[in-house]
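Take a look at the letters that make up each chain.
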Amino acid sequence: MLLRRACRLMGLGLSLLCWIWPGLSAAAEPTVLKLLADSFPPLQYELPSGAPAGYVHAFVQEVVQRASRSHVLSAQPLQFLPLKRALAQAQAEPNVLVLSVARTPERTEAYRWLREIAPYQLWLYRLRTAGAPPVRSLSELKGRGLRFGVQEQSNFQEWLRAQGVGQFPDNSVIDPVRTNALNLRKAQLQRIDLFAHPDVSFAYRVHEAGLRTEDFEPVLQIQALSAPLWLLISKNSEPALVAALLQALDALIAAGRLEALRRAELAQFLGR
């Protein structure tokens with residue numbers, strides 16, 4: 001009898017405590033963190049089994065695990081989306097982490113940029129046997145009637161337009177496609193003269209398309225778009241979550257984990 005009465009009093013006390021401090025019960029609820037990315041081997045990509053792979057994905061898993069020591073969180077499995085959709089979700093929802101994104105002036109104010117996550121070099125490529133005249137500088141991109149294959153709404157498309165390429169009075173043509181992989185086949189069929197592609201994933205994408213790397217050649221590096229990629233998170237994310245992620249990122253980067261994972265992935269990736 002006394003024991004049951006004590007338990008009832010204890011339950012009443014806990015109820016009063018939660019009523020006085022309503023945030024106490026909510027504090028134990030984990031923050032749901034959504035992970036989004038466009039497929040970009042070897043940074044993040046899907047295996048034939050459907051499982052995510054890549055060194056940025058592996059590193060982010062370690063970051064989340066470490067961040068959970070200081071902030072209760074639950075990370076969803078990485079979801080692959082076109083970059084445009086991933087960025088739109090990060091603008092519309094809190095606590096959305098997007099992997100491997102170029103930090104362009106147009107995007108800077110829309111998100112919270114955490115840390116640089118991967119080196120990135122963008123090159124112009126062409127079919128080796130196309131016989132197109134050489135391009136040695138940016139000034140030679142205009143006025144020659146060249147056909148540029150671009151991924152729709154990519155930063156390369158934006159950059160070309162900013163340079164006046166494909167804009168009157170220039171006689172170049174900008175030909176957008178849904179995914180950059182389609183430009184490989186269009187170049188092979190000589191429907192375009194030039195297209196841009198990150199150098200680190202070029203061989204993988206060529207083989208994926210059933211083509212040969214020796215049929216293509218790099219022409220010119222686009223220096224303005226060759227900048228490190230970043231992790232970003234929704235601007236309206238929970239401050240405590242952001243702080244925990246930043247602390248984990250800095251600790252793991254300082255310990256060399258990002259570089260170690262990158263080296264290991266590249267050794268395996270390029271040896272396939």
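Please read these numbers as outputs of a predicted model, since none were measured by experiment.

**Here we look at the sheet that holds strand β12 (residues 216–221)**
So, step 1. Pairing is mixed across the open sheet formed by 5 strands, whose spatial order is β10-β9-β11-β8-β12. At either end of the open sheet lies a strand with only one pairing partner, and these are β10 (173–177) and β12. Strand-to-strand twist of the sheet, defined as the mean angle between neighbouring strand axes without regard to direction, takes the value 35 degrees.
So, step 2. Direction of pairing for strand β8 (residues 122–127) relative to strand β11 (residues 194–198): antiparallel, over a ladder of 4 bridges. Directly across from Y125, in β11, lies its bridge partner F195.
So, step 3. Sheet strands touched by helix α5 (residues 155–162): β8, β9 (147–151), β10 and β11. Its angle to β9, the strand with the most contacts, is close to 140 degrees.
So, step 4. Sitting on the sheet, helix α6 (residues 181–188) touches β8, β9, β10, β11 and β12, and the angle it makes with β10 is about 130 degrees.

**Some details on the packing of aromatic side chains**
So, step 1. In this structure the tally under the stated criterion is 10 aromatic pairs.
So, step 2. Taking 6.2 Å as the distance between ring centres and 90 degrees as the angle between the ring planes, the aromatic pair formed by Y111 and W113 counts as edge-to-face.
So, step 3. Look at Y111 and you get buried, because its relative accessible area is 7%.
So, step 4. Accessibility expressed as a relative area gives 8% for W113, which makes it buried.
So, step 5. These aromatic residues form a ring-pair network of at least three members: Y125, F195, F202 and F216.

**Some points on the layout of surface pockets**
A probe matching the size of a water molecule, rolled over the atoms, marks out where space remains unfilled.
So, step 1. When its volume is computed, the largest pocket comes out at roughly 1300 Å³.
So, step 2. Surrounding the largest pocket, 46 residues form its lining, D38, S39, P82, L83 and Q151 being those nearest its centre.
So, step 3. Mapped onto the lining of the largest pocket, the elements with two or more residues apiece are β2 (45–46), α4 (83–92), β6 (96–102), β9, α5, β11 and α7 (202–208).
So, step 4. Considering each element in turn, the lining of the largest pocket owes the most residues, 5 residues, to α4.
So, step 5. For the lining of the largest pocket, the per-class residue count stands at 24 nonpolar, 12 polar and 10 charged.

**Side note on the side chain of D193**
So, step 1. Here D193 shows up in the loop between α6 and β11.
So, step 2. There is a polar contact of 2.8 Å between the side chain of D193 and the backbone nitrogen of R147.
So, step 3. Apart from residues no more than four positions distant in its own chain, D193 is found in contact with Y125, R126, G145, L146 and R147.

**Some thoughts on helix α8 (residues 239–254)**
So, step 1. The first and last C-alpha atoms of α8 sit 22 Å apart over 16 residues, in line with the 22 Å expected at 1.5 Å per residue.
So, step 2. Along α8, the residues classified as buried are L241, V242, A244, L245, L246, A248, L249 and L252.

**Some details on α6**
So, step 1. Those residues of α6 that sit buried are N183, L184, K186 and A187.
So, step 2. Buried-residue contacts for α6 involve β8, β9, β10, β11, α7 and β12.
So, step 3. Downstream of α6 by a residue or two, Q190 has a phi angle that is positive, lying close to 60 degrees.

**With respect to unusual backbone geometry**
So, step 1. With omega at 5 degrees, the peptide bond leading from P41 into P42 counts as cis.
So, step 2. Tracing the backbone through its elements, the reader meets P42 in the loop between β1 (31–37) and β2.
So, step 3. In the segment running from F168 into P169, the intervening peptide bond is cis, with an omega of 10 degrees.
So, step 4. Position of P169 relative to the elements: it lies in the loop between α5 and β10.
So, step 5. Even without a glycine there, the phi angle at N95 is positive, about 60 degrees.
So, step 6. Here N95 is to be found in the loop between α4 and β6.
So, step 7. Even without being a glycine, Q153 presents a positive backbone phi close to 65 degrees.
So, step 8. In this fold, Q153 is placed in the loop between β9 and α5.
So, step 9. A residue is classified by how much of its surface remains accessible, and Q153, at 43% relative accessible area, is partly exposed.

Basis of the calculations
Residues numbered from 1 in each chain as written. Predicted model: local features only at pLDDT ≥ 70, side-chain atom pairs only at ≥ 80, totals over all residues. Heavy atoms only, no water. Pairing = 2+ DSSP bridges. Helix = DSSP H or I, 4+ residues; strand = E, 2+ residues; numbered from the N terminus. Axes fitted to C-alpha atoms, helices over the stretch in contact; angles between N-to-C directions. Contact = heavy atoms within 4.5 Å. Phe/Tyr/Trp six-rings, centres within 6.5 Å; stacked < 30°, edge-to-face > 60°. Buried < 20%, exposed > 50% of the residue type's maximum accessible area, 1.4 Å probe, protein only. 1 Å grid on protein atoms, 1.4 Å probe; cavity = no way out; pocket = protein on both sides within 12 Å on 5 of 7 lines; lining within 4 Å. Points joined across faces, edges and corners; volume = space filled by probe spheres on them. Nonpolar A, V, L, I, M, F, W, Y, C, P; charged D, E, K, R; others polar. Polar contact = N/O pair within 3.5 Å; in protein donor to acceptor, adjacent residues only side chain to side chain. Expected span 1.5 Å × (residues − 1).

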